[in-house]
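So you can see what is in the structure, the chains are spelled out below.
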Amino acid sequence: MSSGTGAASAPAPDPHDSPPAPDAPASARPARKSSMFSSLKVRNYRLFFMGQVVSNIGTWMQRIAQDWLVLSLTGSSAAVGITTALQFLPMLLFGLYGGVLVDRLRKRPTLLVTQTSMALTAIALAVLTLTGQVQVWHVYVAAFAVGLATVVDNPARQSFVSELVGPGQLQNAVSLNSANFQSARLVGPAVAGLLITGVGTGYAFLFNGLSFIAPLTGLLLMRARELHVVERAPRGKGQLRAGVRYVTGRPELIWPIVLVGFVGTFAFNFPVYLSAFADDVFHAGAGAYSMFNTLMAVGSVAGALLAARRGTARLRLLIMAAMAFGALEILAATTPTLWMFALLMVPLGLFGMTVNVTTNTSIQMSTDPAMRGRVMALYMMVFLGGSPVGAPIVGWITDTYGARIGLAAGGAVAVLAAAVIGLILARVGNLRLSVGWHRGHPRVRFVPREQQEALAPAA
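Residues numbered from 1 in each chain as written. Predicted model: local features only at pLDDT ≥ 70, side-chain atom pairs only at ≥ 80, totals over all residues. Heavy atoms only, no water.

Draft legend 1. Local environment of the nonpolar core. Core analysis: the biggest nonpolar cluster contains 39 residues, and Leu-259, Phe-292 and Phe-341 have the highest contact counts within it. Every element with two or more residues in this core is listed here: α9 (251–267), α10 (270–281), α11 (286–309), α12 (315–333), α13 (338–365) and α15 (403–428). It is α12 that provides the largest number of residues to this core, a total of nine residues. Excluding its chain neighbours within four sequence positions, the residues that come into contact with Phe-341 are Leu-274, Phe-277, Phe-282, Phe-292, Ala-332, Thr-335 and Leu-407. (Core = buried A, V, L, I, M, F, W, Y, C linked by side-chain atoms within 4.5 Å. Buried < 20%, exposed > 50% of the residue type's maximum accessible area, 1.4 Å probe, protein only. Helix = DSSP H or I, 4+ residues; strand = E, 2+ residues; numbered from the N terminus. Contact = heavy atoms within 4.5 Å.)

Draft legend 2. Focus on empty space enclosed by the protein. In this structure the tally under the stated criterion is three cavities of 30 Å³ or more. In this structure, the largest cavity spans a volume of roughly 50 Å³. Among the secondary structure elements, those contributing two or more residues to the lining of the largest cavity are α1 (43–74), α3 (107–130) and α7 (213–221). When its residues are assigned to classes, the lining of the largest cavity shows six nonpolar, three polar and one charged. (1 Å grid on protein atoms, 1.4 Å probe; cavity = no way out; pocket = protein on both sides within 12 Å on 5 of 7 lines; lining within 4 Å. Points joined across faces, edges and corners; volume = space filled by probe spheres on them. Nonpolar A, V, L, I, M, F, W, Y, C, P; charged D, E, K, R; others polar.)

Draft legend 3. Representation of the UniProt feature "transmembrane region" (unreviewed entry) in the protein chain in the model. Feature annotation in UniProt places "transmembrane region" (unreviewed entry) on residues 45–65, 77–98, 253–274, 286–308, 315–332, 338–357, 377–397 and 403–426, given in this structure's numbering. In residues 315–332, helix accounts for 100% and strand for 0%; the two terminal C-alpha atoms are 26 Å from one another. (UniProt positions renumbered as here; feature names shortened; annotations may be inferred.)

Draft legend 4. Quick peek at the packing of aromatic side chains. Tallied over the full model, the rule gives 13 aromatic pairs. Each ring, one from Phe-48 and one from Phe-160, has its centre 6.2 Å from the other, and the planes form 70°; the classification is edge-to-face. In this pair, Phe-48 sits in helix α1 while Phe-160 sits in helix α4 (residues 136–165), placing the two residues 112 residues apart along the sequence. Residue classification places Phe-48 among the buried positions, given a relative accessible area of 6%. Accessibility expressed as a relative area gives 0% for Phe-160, which makes it buried. Geometrically, the ring pair formed by Phe-282 and Phe-341 is tilted, given 5.7 Å between the ring centres and 55° between the ring planes. Placement of Phe-282 in the loop between α10 and α11 and of Phe-341 in helix α13 is noted, with a sequence separation of 59 residues between them. Grouping residues by exposure puts Phe-282 and Phe-341 together as buried. In textbook terms, an aromatic cluster arises when at least three aromatic residues are bridged by ring pairs, as seen for Tyr-45, Phe-48, Phe-49 and Phe-160. One cation-aromatic arrangement involves Arg-63 over Trp-60; the distance from NZ or CZ to the ring centre is 4.6 Å. (Phe/Tyr/Trp six-rings, centres within 6.5 Å; stacked < 30°, edge-to-face > 60°. Lys NZ or Arg CZ within 6 Å of the ring centre and 35° of its normal.)

Draft legend 5. Just the pattern of salt bridges, in detail. Scanning the entire structure with this criterion turns up four salt bridges. Of the charged contacts, one joins Glu-163 and Lys-107 as a salt bridge, the two residues approaching to 3.6 Å between their closest N and O atoms. Taken together, the residues Glu-163 in helix α4 and Lys-107 in helix α3 connect sequence positions 56 residues apart. The salt bridge partner of Arg-223 is Glu-226, with a shortest N-O separation of 3.1 Å. The class of Arg-223 is partly exposed, set by a relative accessible area of 33%. (Salt bridge = Lys/Arg side-chain N within 4 Å of Asp/Glu carboxyl O.)

Draft legend 6. Up close: a nonpolar patch on the surface. A surface patch of nonpolar side chains, about 610 Å² in accessible area, is lined by Leu-89, Leu-92, Leu-93, Phe-94, Tyr-97, Leu-148 and Val-389. Topologically, Leu-89 is positioned in helix α2 (residues 77–104). Residue class for Leu-89 comes out partly exposed when judged on its relative accessible area of 32%. (Patch = residues over 30% accessible without salt bridge, like charges linked within 9 Å, V, L, I, M, F, W, Y side chains within 5 Å. Areas by Shrake-Rupley, 256 points an atom, 1.4 Å probe, with all protein chains shown as cover.)

Draft legend 7. Structural detail: unusual backbone geometry. Positioned with a positive phi, His-283 is a non-glycine residue whose angle comes to about 50°. Take His-283: it is sitting in the loop between α10 and α11. By relative accessible area, His-283 is classed as exposed at 62%.

Draft legend 8. Structural detail: α13. In this model, α13 (28 residues) spans 41 Å end to end at C-alpha, consistent with the 40 Å of a helix rising 1.5 Å per residue. Among the 28 residues of α13, 21 are classified as buried, and the element is accordingly described as predominantly covered. (Expected span 1.5 Å × (residues − 1).)

Draft legend 9. Here's a closer look at the environment of Gln-169. Looking at where Gln-169 falls in the secondary structure, it is placed in the loop between α4 and α5 (170–198). For Gln-169, a relative accessible area of 10% gives the class buried. Note: C-alpha distance between Gln-169 and Leu-40 (129 residues apart in sequence) is 9.6 Å.

Draft legend 10. Geometry of the confidence of the model for the protein chain. Taken over all residues, the pLDDT of the protein chain has a mean of 80, while the share at 70 or more is 82%. In this model residues 1–32 is a low-confidence stretch, pLDDT under 50, and it forms 74 contacts with partners more than four residues away in sequence or in other chains. (pLDDT = per-residue confidence, 0-100.)

Draft legend 11. Spatial organisation of the environment of Met-50. Along the polypeptide, Met-50 turns up in helix α1. In sequence terms Met-50 and Pro-215 are 165 residues apart; their C-alpha atoms lie 7.4 Å from each other.

Draft legend 12. Just the packing of α1 against α5, in detail. One can describe the packing of α1 onto α5 by two numbers: an axis separation of 7 Å at closest approach and a directional angle of 40°. When the interaxial angle is binned, α1 and α5 end up oblique. Crossing geometry of α1 relative to α5 is assigned as right-handed. Here the residues of the contact of α1 with α5 sort into 20 nonpolar, five polar and two charged. (Axes fitted to C-alpha atoms, helices over the stretch in contact; angles between N-to-C directions. Parallel < 35°, antiparallel > 145°, perpendicular 65-115°, else oblique. Left-handed = near helix turned anticlockwise from the far one by under 90°.)

Listed below in structure tokens is the structure:
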């Protein structure tokens with residue numbers, strides 16, 4: 001998306017990437033529509049995707065096992081919260097510095113280092129647990145170590161996708177990555193539960209450590225000559241400030257990040273909302289909480305796959321999806337029965353994933369490749385850091401006024417933020433609201449101001 005007249009249209013292919021030749025592969029040619037799995041035709045991306053399938057399952061297994069181990073060692077939910085905070089803290093403190101490093105370094109060797117470090121951390125935790133030597137401070141250190149690796153690994157993986165598939169398949173590849181992660185969310189916790197109850201927590205850590213063999217093998221088997229060459233940023237002073245100035249000076253970057261910040265901080269705190277509904281509203285216990293999460297994951301997978309069919313990432317879709325997401329939360333807050341609430345988890349997951357994928361893709365496609373690591377680091381810092389910051393706030397609202405008020409308040413923030421930012425983007429793009437009829441149905445949309453004035457009847 002440009003910041004000029006076409007602010008509501010899809011972003012153009014990145015002008016900093018070399019234009020594709022007539023005989024260039026399909027991945028290098030931008031396309032408005034694509035098949036659901038078109039980016040998997042690219043060999044390098046296929047290797048990356050298959051490695052992530054295995055690794056993501058291990059990641060979800062470790063999340064469950066880590067929380068359960070801390071709870072078993074301490075009997076304290078606060079200790080579980082400390083573990084989560086330690087894992088997110090490095091991203092909040094050093095996320096932008098990680099983006100600077102990613103812009104300077106080659107992505108594939110960088111990922112080999114970060115993925116190896118996370119594998120070794122998981123295996124060390126597995127050995128300590130299986131030998132009965134583990135203490136809670138070991139888990140704290142491991143969580144912080146994984147967080148440090150994530151500071152570089154996250155923006156490197158996000159920006160590496162564009163090198164794998166090029167601008168033409170970026171929307172499809174980002175969507176499939178999201179579907180991959182959410183599908184693992186359906187499998188990983190279930191497998192972790194079986195391992196923990198059957199043979200012990202340590203084997204879940206061991207599986208996660210060994211699961212990194214898959215992405216590491218995929219990275220090693222990639223053909224370097226088939227990667228899309230991206231200019232790396234040279235070493236220099238002030239690159240962190242330059243990255244922040246770059247984002248704040250571009251409405252098509254800063255406002256989607258601001259929107260995700262509001263939505264992620266107040267509307268995406270589902271551990272708080274769903275546990276409160278399961279326990280305090282419907283009095284159904286852990287089984288209902290698990291069902292709510294599973295149904296939301298199903299919707300998230302569906303949303304990611306639908307996004308994979310789209311060839312572009314329009315910011316007006318982002319605004320509409322964020323408003324629909326918030327409105328569904330408000331509706332869910334008023335539902336009288338457990339089953340009505342549970343069924344709404346599917347569309348909530350779908351629209352929530354649409355917000356995530358559309359933001360990710362539009363930001364990457366609107367960013368200079370030399371700045372992409374810093375921009376994606378800022379995006380991930382806002383997105384991942386929002387939930388831990390917002391959790392105490394929405395938790396206090398939920399405890400004080402009830403789960404229904406808490407969820408409705410989160411949804412209202414999402415709707416309001418989407419409406420305000422939509423109007424800001426429309427103003428920046430010189431657009432006006434057009435209300436009319438189309439094939440017998442009312443239609444509300446933003447159109448270029450010049451177009452509306454040309455269509456208006458003469459006085």
